[in-house]
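Okay, here's what each chain looks like letter by letter:
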Amino acid sequence: MKESAKNSYGVSYDKLLKLMTDKGVKNCQLRDAIGLSKSTMAKLGRNGQVALSVLLAICEYLGCDFGDIVEAVPASKPAPYYTAYEKRYKKVYAAGAALWGHPPDDETLLKALSKWVDDNGLRGKRIIEFACGEGSCGIILSKLGCIYHGVDIAPSAVKKAKTVLAGHPYAAVTQLDMVNERPAGEYDAALDVMGFHMLVTDCDRQKYLKNVHASLRDGAPALFFRESYRADAYEGVVGSFDEWKQISGCDYDTPEEREVMGSGIKVSIPLVPARARTKDGYINEMAAAGFIVDDFVEMDINMQCPYSASVYAHKTKSCSH
Ligand SMILES: C[S@@+](CC[C@H](N)C(=O)[O-])C[C@H]1O[C@@H](n2cnc3c(N)ncnc32)[C@H](O)[C@@H]1O
């Protein structure tokens, strides 16, 4: 085969992941047993090509054949960096946890949403939640009497959200990429809980805010809750995810072992990118997208996102860009 020939098929180690989960084998056990390097583990984590000798050693360790751990799959366009959450939801559910994100009884969230709904007269009004995850805010807002529409890019989270909201007739959930797709219709308010900070490039953030803006009626409130915040955050332009990896110095390809919140279940999960901002950074970014920031609340240090802030804003005018 010519060096330059491009394969229209790639490899997938999804079967290996499942086999390891079924057998209760952790990444570190596999790595230590076979003596795999950090970079080989990273390649396995991102469906990269590894030597046949590595696959043979894995087969020997797990007592299986090639077809049990690796598949040839049609190569597709690489997924954007912000789809990393799907992998995380899958791993967490495979480990037996019922929920990864905010639970619907999170005291701080409950209190803040109740106040926001009351302050803005949102009972009986249409609220869109971007990056809704597993639908916990949908439960809270439905109980408060709002008409709820949640959107998220991760299919596993959407499935979970649909299940938990099945008993609420005025709640709906759909899969949507909030960066590249715009929800149909006009809403009375928009909510985002730890979703905005998932977008690291300036371009993606602007596209997203433009979509939030376009989905709202004039003057409508928008709440960005528990977004990553640091007084000393990097405020230069981030052009690509690769650039962000260098700036943040974070090795996103190496899974880390973490406890699923309050469950006692430990699972090795992929890191997901997030970008912190300063207070001025958030305010300027919102203003450029046609929002006025009414309040900027620094949150107490918390488990979900240690250093975070909530940004209370409203739409001022129709977006000109
Ligand atoms: C930190 S989780 C927060 C989930 C939920 N709001 C909560 O608090 O439990 C971030 C969520 O953003 C979603 N997300 C990231 N990028 C997205 C995009 N472009 N469009 C829609 N959802 C996105 C992820 O799938 C994930 O569910």
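Residues numbered from 1 in each chain as written. Predicted model: local features only at pLDDT ≥ 70, side-chain atom pairs only at ≥ 80, totals over all residues.

Asks: Is there a simple way to explain the sheet that holds strand β5 (residues 171–175) in this structure?
Replies: Note: strands within a sheet are paired through backbone hydrogen bonds, in either parallel or antiparallel orientation. With mixed pairing, the seven strands of this open sheet are ordered in space as β5-β4-β3-β6-β7-β11-β10. Each having just a single partner strand, β5 and β10 (291–298) make up the two edges of the open sheet. The average undirected angle you get between the axes of adjacent strands in this sheet is 20 degrees. With five bridges joining them, strand β4 (residues 147–152) and β5 adopt parallel strand pairing. Considered in β5, the bridge of V151 is made with T174. Helix-sheet contacts for helix α8 (residues 155–164) involve β4 and β5, and the interaxial angle to β5 is about 165 degrees. Where helix α11 (residues 279–288) meets the sheet, its contacts fall on β10 and β11 (308–315), and the angle it forms with β10 comes to roughly 160 degrees. (Pairing = 2+ DSSP bridges. Helix = DSSP H or I, 4+ residues; strand = E, 2+ residues; numbered from the N terminus. Axes fitted to C-alpha atoms, helices over the stretch in contact; angles between N-to-C directions. Contact = placed C-beta atoms within 7 Å.)

Asks: Looking at this structure, I do not really get the site of the ligand. What am I missing?
Replies: In the vicinity of the ligand lie 19 residues, with Y82, G101, A131, G133 and A154 positioned nearest. Split into classes, the residues belonging to the shell around the ligand amount to twelve nonpolar, five polar and two charged. (Near = placed C-beta within 6 Å. Nonpolar A, V, L, I, M, F, W, Y, C, P; charged D, E, K, R; others polar.)

Asks: What exactly am I supposed to notice about the environment of L17 here?
Replies: Looking at the secondary structure, you find L17 in helix α1 (residues 14–23). For L17, a count of 18 C-beta atoms within 10 Å gives the class partly exposed. On a C-alpha basis, the gap between L17 and S53 in space is 18 Å, while along the polypeptide they are 36 residues apart. (Buried ≥ 20, exposed ≤ 12 C-beta atoms within 10 Å, placed from the backbone.)

Asks: For this particular structure, what's the right way to read the pairing of strand β7 (residues 221–228)?
Replies: Here is the key point about a regular strand: its side chains alternate between the two faces of the sheet. In terms of burial, β7 is largely enclosed, as seven of its eight residues are buried. The sheet contact formed by strand β6 (residues 189–193) and β7 spans four bridges and is parallel. Among the inter-strand pairings, D192 is bridged to a residue of β7, identified as F224. For the handedness criterion, the β-α-β arrangement of β6, helix α9 (residues 202–214) and β7 is classed as right-handed. Where β7 and β11 come together, six bridges link them in antiparallel fashion. By the bridge assignment for β11, F224 is matched with V311. (Right-handed = clockwise from strand over helix to strand, strands pointing away.)

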